[in-house]
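If you want the building blocks of each chain, they are given just below.
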Amino acid sequence: MSAQDDQQVVTVEGRQLVVRRLDKVLYPEAGTTKAQVLDYYARIAATMLPHLKDRPVTRLRWPDGTASKPFFEKNVPSHVPDWIRTVVLPTPGSSRDRETLTFPLIDDTAAIIWAANLAALELHVPQWTVGPRGGVHNPDRLVVDLDPGAPAGLAECAEVARLVRTELGDIGRFAIAVTSGSKGMQLYVPLSGEQNAGVVHTFARELADQLAADHRDLVVSKMAKTLRPGKVLLDWSQNNPAKTTICPYSMRGRAQPWVAAPRTWEELDDPGLAQLSITEVLDRVDRDGDLAAGLLKEGVRLGS
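Rules of the game
- Residues numbered from 1 in each chain as written.
- Predicted model: local features only at pLDDT ≥ 70, side-chain atom pairs only at ≥ 80, totals over all residues.
- Heavy atoms only, no water.
- Pairing = 2+ DSSP bridges.
- Helix = DSSP H or I, 4+ residues; strand = E, 2+ residues; numbered from the N terminus.
- Core = buried A, V, L, I, M, F, W, Y, C linked by side-chain atoms within 4.5 Å.
- Buried < 20%, exposed > 50% of the residue type's maximum accessible area, 1.4 Å probe, protein only.
- Contact = heavy atoms within 4.5 Å.
- Polar contact = N/O pair within 3.5 Å; in protein donor to acceptor, adjacent residues only side chain to side chain.
- Axes fitted to C-alpha atoms, helices over the stretch in contact; angles between N-to-C directions.
- Parallel < 35°, antiparallel > 145°, perpendicular 65-115°, else oblique.
- Left-handed = near helix turned anticlockwise from the far one by under 90°.
- Nonpolar A, V, L, I, M, F, W, Y, C, P; charged D, E, K, R; others polar.
- 1 Å grid on protein atoms, 1.4 Å probe; cavity = no way out; pocket = protein on both sides within 12 Å on 5 of 7 lines; lining within 4 Å.
- Points joined across faces, edges and corners; volume = space filled by probe spheres on them.

- In the nomenclature of an unreviewed UniProt entry, the protein chain is known as Non-homologous end-joining DNA ligase of Jatrophihabitans telluris.

Rendered as structure tokens:
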């Protein structure tokens, strides 16, 4: 995409979109422009879309770039195109006292570009999906978020990821690691969808508590910040059906244009393990395909 014009009409898979201010720098430290963000999402779309499929998307937007304060957006804006598929879901306890919100479902490349054009750099999704009529299905993924407390970093997260994988036993072989594009990483296990969110949430909490008890020098399972310096928080709470997690292949709103990137277990053994940029991720997908493809296959039943 050219960054020369303030506004352009582009056609994406038969959909027309107006994209604006392509030369705007959204990552000031890196100099990454909106045009480059749109280009990344257009090129990664075929790989990313299966991980977004049928999941209501919460967007984190930086209209003034990553040096400014972002805001979360769940409800679709009033100017949403009529071809964006939406779903109305209950949101008890909403900060705006709304009983329901209308979420977008990102089904195709045009929808990704629509979101990115609004500076929705981050796309967050739940661990469950919705059906054609909006019914909520059981979770089809277990996720554990590994959040390091300084001076712990990505190396310590990788160590904890290996501990989690071992603790999972037979189902640990299905675990997929994703460096978050922020400070830490996520660990996913594809599920069969037979068990409800309460079962998955409880399993994740018990897993975290057990690892924290067994490895007190490295792992914590409680959120209190006073417990976290030099350790890794094993955040089980993102399996709560009201919570969302950064989608694999989403960009992050950090100083650098990093990406939530699936990794091999061999990479986690590398002492130089680091977060990956948009260029690195595109090169890896061209070379290796989708390293998180296991999440799209038939999953496992917890406890089996």
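Once the structure has been displayed, the description carries forward.
### Structural notes on the sheet that holds strand β6 (residues 71–73)
- Reading across the sheet, the 4 strands line up as β6-β5-β9-β15 and stay open at both edges, with antiparallel pairing between neighbours. The open sheet has two edge strands, β6 and β15 (245–246), and neither has a second partner.
- Sheet analysis places strand β5 (residues 58–61) next to β6, joined by 3 bridges and oriented antiparallel. Within the sheet, the bridge partner assigned to R59 lies in β6 and is E73.

### Considering the nonpolar core
- With 45 residues, the main nonpolar core has Y40, Y41, I44, L52 and V281 as its most contacted residues.
- When residues of this core are traced back to their parent elements, those giving at least two are β1 (7–12), β2 (15–20), β3 (25–27), α1 (34–52), α2 (109–117), β9 (120–125) and α5 (278–288).
- At 10 residues, the largest contribution of residues to this core is made by α1.
- Apart from residues no more than four positions distant in its own chain, I44 is found in contact with Y249, V281, L282 and V285.
- With 33 residues, the next largest nonpolar core counts C157, V160, I171 and L207 among its residues.

### Describing the side chain of E122
- Checked against the element boundaries, E122 lands in strand β9.
- Relative accessible area serves as the criterion here: at 4%, E122 is assigned to the buried category.
- There is a polar contact of 3.1 Å between the side chain of E122 and the side chain of R252.
- Filtering out sequence-adjacent residues up to four positions away, E122 remains in contact with T58, R59, L60, W62, I246, S250, M251, R252 and G253.

### Quick notes on the packing of α1 against α2
- Put simply, α1 and α2 touch, their axes get as near as 8 Å, and they point 135° apart. Considering the angle they form, α1 stands oblique to α2. For the pair α1 and α2, the crossing hand works out as right-handed. Contact with α1, carried on its side by K34, V37, L38, Y41, A42, A45, L49 and L52, involves T109, I112, I113, A116 and N117 of α2 and no other residues of that element.
- Here the residues of the contact of α1 with α2 are counted per class, giving 10 nonpolar, 2 polar and 1 charged.

### Digging into the layout of surface pockets
- Size it by volume and the second largest pocket reaches roughly 670 Å³.
- Surrounding the second largest pocket, 29 residues form its lining, H124, D145, D147, Q238 and R252 being those nearest its centre.
- At the level of elements, β9, β10 (141–148), β12 (185–190), β14 (232–235) and β15 are the ones that each hand at least two residues to the lining of the second largest pocket.
- Element by element, the count of residues in the lining of the second largest pocket is highest for β10, at 4 residues.
- Among the residues forming the lining of the second largest pocket, the class breakdown is 10 nonpolar, 10 polar and 9 charged.

### A few points about empty space enclosed by the protein
- In total, this model carries 1 cavity of 30 Å³ or more according to the counting rule given.
- There is about 50 Å³ of room inside the largest cavity.
- Contributing to the lining of the largest cavity are Y249, A261, P262, V281, R284, V285, G289 and L291.
- Those elements giving two or more residues to the lining of the largest cavity turn out to be β17 (261–263) and α5.
- Ranked by residue count, the leading element in the lining of the largest cavity is α5, at 3 residues.
- When its residues are assigned to classes, the lining of the largest cavity shows 6 nonpolar, 1 polar and 1 charged.

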